[in-house]
Amino acid sequence: MTLVGLNSPVECVTFDPAEDKVGAGAANGTVKVWDLDTGKVCCSLTGHRSNCLTIEFGPPESYIVVTGSLDTNVKVWDLRRKDSITTYKGHSRGVRKLAISPDNKWVCSGSESGELKLWDLASGRNVKDGWSHDNGITGIEFHPCEFLLATSSSDRTVRVWDLEVWEQVETLGPETTAVRAIAYHRDGRQLLTATSDALKVWGCEPAVHHDTVQMDWRNLVDMHLTYKDDQPRRPLLKADLTRMVTALQLAKGFVARGNLEGAYKAALGQGDAAVACMLVEAVQSRQDAFELNSVEPLIKLLELLLAAGQEQQQAVGLSALALVLRGPGQVVREVCGGPGPVGVDLSYEQRKNKCLLVKMCLEGLGMKLGVLARGSGPVAARAQLLVEELRRVVGSAGPQGPGSNDNSLAEQIINVVTSIPFFVIGMQGLRRRRCPRGRHFSLAFMAVGIAAAGYHGVNPSSPLRPLLRKMDYYSICYCSNVLRRAAHIGLPAPLRVAALLAAPVKPTAVTGLNLLLVESKYLRSALSHAHLRPSFKLHLGTGLVGMAAFAYEDIANGMRWPPVLHSLWHCLSAVAMGCFGQLLQHQELLLMLEGVQVEACS
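None of these values were measured; they are calculated from a predicted model.

Chemist: Looking at this model, I keep getting lost on the overall build of the protein chain. Mind explaining?
Modeler: Looking only at helices and strands, the protein chain has 17 helices and 22 strands in total. Relative to its full complement of 602 residues, the protein chain shows a buried share of 48%. If you take every contact in the protein chain between residues at least 6 apart in sequence, the share linking residues at least 24 apart comes to 52%. In the structure as shown, the protein chain presents an accessible area of about 29,300 Å², 56% of it carried by carbon and sulfur atoms.

Written out as structure tokens, the structure reads:
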């Protein structure tokens, strides 16, 4: 998102506490506030006579914004009135930093000369004066729990002030370079300080140095602790940052030597989406970044990016995936889908094995891509387009990958429960059928229910998931074959052999052939025997709707569908297949009329 509206260079930017607005101060003194939902300016504030250097939002319910300027003034604004409430005067130099106390009663301001002033937010009265650093103020932080105030400065020190006794109680430093930013941890037990070359962690009351991470942060502007799901996120300390830097340095060394596969594996070993994002973004312009021999670990990195919660990381992953599909993806499609050479060709066999491994990785990526495509926004729209490209590369008519349903626990439970009708209808058929072939079909139908429940019952990220998906498809294929034989429909020997060979790789096609033959016989029987017509109508209606649901969810894999669509397919297909029991019963009756012993028919 790009926010526009300022007519001069931006001096400062900050989010409001609810993170639904952004405020920015400009070099001409103008302050603008944008609504992030619409991307439009919701408030424009003018009144400063020079550069607006700092901006802070009050609590959401207060509609307060406080700004400091090079004109030495601090202004308090009401976002509802879009006007200044009061102006604090008293600094001799420009105001560089501001902070609002957690109880929303005080504002502390720091200037370029090192002056610190504490103001009563409601009355505008100067509560405390006389505190200072030896150089410009770079950071101000109120303690989240205690009456303490921490300030940092270009004089290379951090000072802690007691707001009850109005005196300085701690001095941290001096550091080797200016302290650029500070932040209290949410629980108040730690204070983080950042200089141009290090991050330090201090314990509070008393100040005790815990850890230091050496970093090259010459361009550091600000530092904040971030939180997720209202829980404080652990600050990145030495172990984390060192591991990230080591992985990036190792990857950089591999890239410099032209070993892209080693670089991908180094980033993959870190398991951090931020590291993966930086590496993938850096190598996208290289021609050798997407070669077949090195793309397997890259695809696993992209899977990590697509599973990340950050849109920027997902966008980088989708951009790289598009290049993979248009490069090595086409090689995979040609090698795995085309005819092989005549005779023995070891180099071709090695290349095909590599392509099969890449294809398996792409199939595993398909589930994450499908989940992403069912969202909203530009990232989801891009993912939907790539779903189609991925389908053309790896195909989706067979049991490939872990599948892209069961995206929540509720959906998983529904799919397991709706697998039960297959087992129940199979049990009923087992009691009613007298012909061994009919009983065989009932047992196979029960096996379909067991395979479906097993497939949906495991964790979607389990390594068993792709295998169980294959078993699900194969059980349906086997059941359709048994049904064809139970309906006494024969196949010519060549076609029977072809179906047998095709079943492991194209079970859906073999299932379709078997069902087409049984459907035609059911239709002919229903036209000539009125008692079969009600069951055939029920079979036809549930079968058509069920196949439409299956086609939309599985063949158009990755498009949006309701979470209950797969379970609807379960219920409708169970009823449709159960209706074949009437056809089998009719076949048994005909055999009895012809004098054949049904119990012994085979």
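Now that the structure has been shown, the text picks up again.
Chemist: I tried to follow the side chain of Ser 84 on my own but got confused; where do I start?
Modeler: Relative to the helices and strands, Ser 84 resides in strand β8 (residues 83-88). Judged by relative accessible area, which is 18%, Ser 84 ranks as buried. Within the local environment of Ser 84, its side chain forms a polar contact with the backbone oxygen of Thr 86, the two atoms lying 3.5 Å apart. Contact partners of Ser 84, with chain neighbours within four places excluded, come to Lys 75, Val 76 and Trp 77.

Chemist: How should I be thinking about empty space enclosed by the protein in this particular structure?
Modeler: In this approach, a probe sized like a water molecule rolls over the atoms, and the result shows the empty space that is left. A full pass over the atoms with the stated rule returns two cavities of 30 Å³ or more. Taken as a whole, the second largest cavity encloses approximately 40 Å³ of empty space. If you go around the second largest cavity, the residues you meet are Cys 435, Arg 437, Gly 438, Ala 486, His 488, Leu 584, Gln 587, Glu 588 and Leu 591. Elements represented by at least two residues in the lining of the second largest cavity include exactly α11 (436-457) and α17 (580-593). It is α17 that provides the largest number of residues to the lining of the second largest cavity, a total of four residues. Residue composition of the lining of the second largest cavity, by class: four nonpolar, three polar and two charged.

Chemist: In this structure, what is going on with the packing of aromatic side chains? I would like to understand it.
Modeler: What characterises a pair of aromatic rings is the spacing of the ring centres plus the angle enclosed by the ring planes. Taken as a whole, this structure holds eight aromatic pairs when the rule is applied. Their ring planes at 80° and their centres at 5.0 Å tell us that Tyr 522 and Phe 536 sit as a pair that is edge-to-face. Note that Tyr 522 is positioned in helix α14 (residues 507-528) and Phe 536 in helix α15 (residues 533-555), a separation of 14 residues in sequence. We note that Tyr 522, like Phe 536, is buried. Plain terms: the ring middles of Tyr 522 and Phe 580 are 5.8 Å apart, the flat faces sit at 40° to each other, and that makes the pair tilted. Of this pair, Tyr 522 sits in helix α14 while Phe 580 sits in helix α17, and the two are 58 residues apart along the sequence.

Chemist: Looking at this structure, how should I read the pattern of salt bridges?
Modeler: Where charged atoms from two side chains of opposite charge approach closely, those side chains can pair. By the definition in use, this model includes nine salt bridges. A salt bridge links Asp 129 to Lys 117; its shortest N-O distance comes to 2.7 Å. Here Lys 117 lies in strand β11 (residues 115-120) and Asp 129 lies in strand β12 (residues 126-132), a separation of twelve residues in the sequence. For Lys 117, a relative accessible area of 6% gives the class buried. Between Glu 175 and Lys 200 there is a salt bridge, with the nearest N and O atoms lying 2.9 Å from each other. Taken together, the positions of Glu 175 in the loop between β16 (167-172) and β17 (179-184) and Lys 200 in strand β19 (residues 198-203) put the pair 25 residues apart, joining distant regions of the chain. Residue class for Glu 175 comes out buried when judged on its relative accessible area of 10%. Residues participating in the shared-partner salt-bridge network are Arg 93, Arg 96 and Glu 112.

Chemist: Mind showing me how you'd approach helix α4 (residues 295-306) here?
Modeler: Along an α-helix, residues three or four positions apart point the same way, because every turn accommodates 3.6 residues. With twelve residues, α4 extends 16 Å from end C-alpha to end C-alpha; this agrees with the ideal 16 Å at 1.5 Å per step. In terms of residue burial, α4 counts as a mostly covered element, since nine of its twelve residues are buried. Residues of α4 that are buried include every one of Val 295, Glu 296, Pro 297, Leu 298, Ile 299, Leu 301, Leu 302, Leu 305 and Leu 306, and no others.

Chemist: Even after reading the chapter, I still don't get the environment of Val 510, so can you show me in this structure?
Modeler: Within the fold, Val 510 resides in helix α14. Judged by its relative accessible area of 8%, Val 510 falls in the buried class. Not counting chain neighbours up to four residues away, the residues in contact with Val 510 comprise Cys 477, Ser 480, Ala 499, Ala 502 and Ala 503.

Chemist: So what exactly am I meant to see when it comes to a nonpolar patch on the surface here?
Modeler: Taken together, the side chains of Leu 409, Ile 413, Val 417, Ile 420 and Val 424 make up a nonpolar region of the molecular surface, amounting to roughly 460 Å² of accessible area. Broken down by secondary-structure element, the contributors of at least two residues to the nonpolar patch are α9 (409-417) and α10 (420-432). Tallying contributions element by element places α9 first for the nonpolar patch, with three residues. With respect to the element layout, Val 417 can be found in helix α9.

Chemist: How should the state of the cysteines be read in this particular structure?
Modeler: Here, the word disulfide means a covalent bond between the sulfur atoms of two cysteines. Throughout the structure, instances matching the rule amount to zero disulfides. Just so you know, Cys 12 is unpaired, no disulfide at all, and the nearest cysteine sulfur is the one on Cys 52, 4.2 Å from it. Of the residues examined, Cys 12 reaches a relative accessible area of 10% and is grouped as buried. The cysteine Cys 204 is free of any disulfide, with Cys 145 supplying the nearest cysteine sulfur at 9.8 Å.

Chemist: Please clarify how unusual backbone geometry should be interpreted in this entry.
Modeler: If a residue is not glycine, its phi is most likely negative; likewise, a peptide bond is most likely trans. In the segment running from Gly 173 into Pro 174, the intervening peptide bond is cis, with an omega of 10°. Looking at the element boundaries, Pro 174 is found in the loop between β16 and β17. Phi is positive for Lys 82, close to 55°, though the residue is something other than glycine. By secondary structure assignment, the location of Lys 82 is in the loop between β7 (74-78) and β8. Under the relative-accessibility criterion, Lys 82 is labelled partly exposed at 47%. Phi at His 488 is positive, roughly 60°, even though this residue is not glycine.

Chemist: What's the story with the pairing of strand β10 (residues 106-111) in this structure? I'm lost.
Modeler: Strand residues, when the strand is regular, have side chains that alternate between the two faces of the sheet. In terms of burial, β10 is a largely internal element, six of the six residues being buried. Burial of β10 is two-sided: the residues Trp 106, Cys 108 and Gly 110 facing one way and the residues Val 107, Ser 109 and Ser 111 facing the other way are all buried. By the bridge criterion, five bridges tie strand β9 (residues 95-100) to β10 in an arrangement that is antiparallel. The partner of Ile 100 across the bridge, within β10, is Val 107. Counting the residues between successive antiparallel strands, the hairpin from β9 to β10 contains five residues, one of them, Asn 104, with a positive phi of roughly 65°. Examined bridge by bridge, β10 and β11 share five bridges and lie antiparallel to one another. Following the sheet pairing, Trp 106 is matched in β11 by Asp 120. Between the end of β10 and the start of β11, which pair antiparallel, lie three residues, with Gly 114 showing a positive phi angle near 100°.

Rules behind the numbers
- All chains use their own residue numbering, which begins from 1 and follows the written sequence.
- It should be noted that, the model being predicted, local features are given only for residues of pLDDT at least 70 and side-chain atom pairs only at 80 or more, the latter also being counted only at that level, while totals for whole chains, interfaces and linings use all residues.
- Heavy atoms from the whole structure form the basis of all side-chain values; hydrogens and water molecules are not counted.
- Runs of H or I in DSSP of at least four residues are treated as helices and runs of E of at least two as strands, each being numbered from the N terminus.
- Each residue's exposure class comes from its accessible area (1.4 Å probe, protein chains only) as a fraction of the maximum for that residue type: buried when under 20%, exposed when over 50%, partly exposed otherwise.
- Any pair of residues with heavy atoms lying within 4.5 Å of one another is described as a contacting pair.
- For every accessible area listed, the method is Shrake-Rupley and the probe measures 1.4 Å; residues are considered covered only by the protein chains on display.
- Nitrogen and oxygen atoms within 3.5 Å of one another constitute a polar contact, given that in protein one can donate a hydrogen and the other can accept it, and given that sequence-neighbouring residues count only through two side-chain atoms.
- Each cavity reported here is a set of points on a 1 Å grid over the protein atoms alone in which a 1.4 Å probe fits but cannot get out, each pocket an open set with protein on both sides within 12 Å along at least five of seven lines, and each lining residue one with an atom within 4 Å of a point.
- Grid points are joined across faces, edges and corners, and a volume is the space filled by probe spheres set on the points.
- Here the nonpolar group is Ala, Val, Leu, Ile, Met, Phe, Trp, Tyr, Cys and Pro; Asp, Glu, Lys and Arg are the charged ones; every other residue, Gly included, is treated as polar.
- What counts as a ring pair is set by centres within 6.5 Å for rings of Phe, Tyr and Trp (its six-membered ring), and what kind of pair is set by the plane angle: stacked under 30 degrees, edge-to-face over 60, tilted for all other angles.
- Throughout this description, the term salt bridge denotes a Lys or Arg side-chain nitrogen within 4 Å of a carboxyl oxygen of Asp or Glu.
- Between the first and last residue of a helix there are one fewer steps than residues, each counted as 1.5 Å, and that sum is the expected span.
- A patch is a set of surface residues, each over 30% in relative accessible area and not in a salt bridge, joined within 9 Å for like charges and within 5 Å for the nonpolar side chains Val, Leu, Ile, Met, Phe, Trp and Tyr.
- Any two cysteine sulfur atoms lying within 2.5 Å of each other are counted as a disulfide.
- Strand pairing follows a simple DSSP-based rule, namely that at least 2 bridges must link the two strands.

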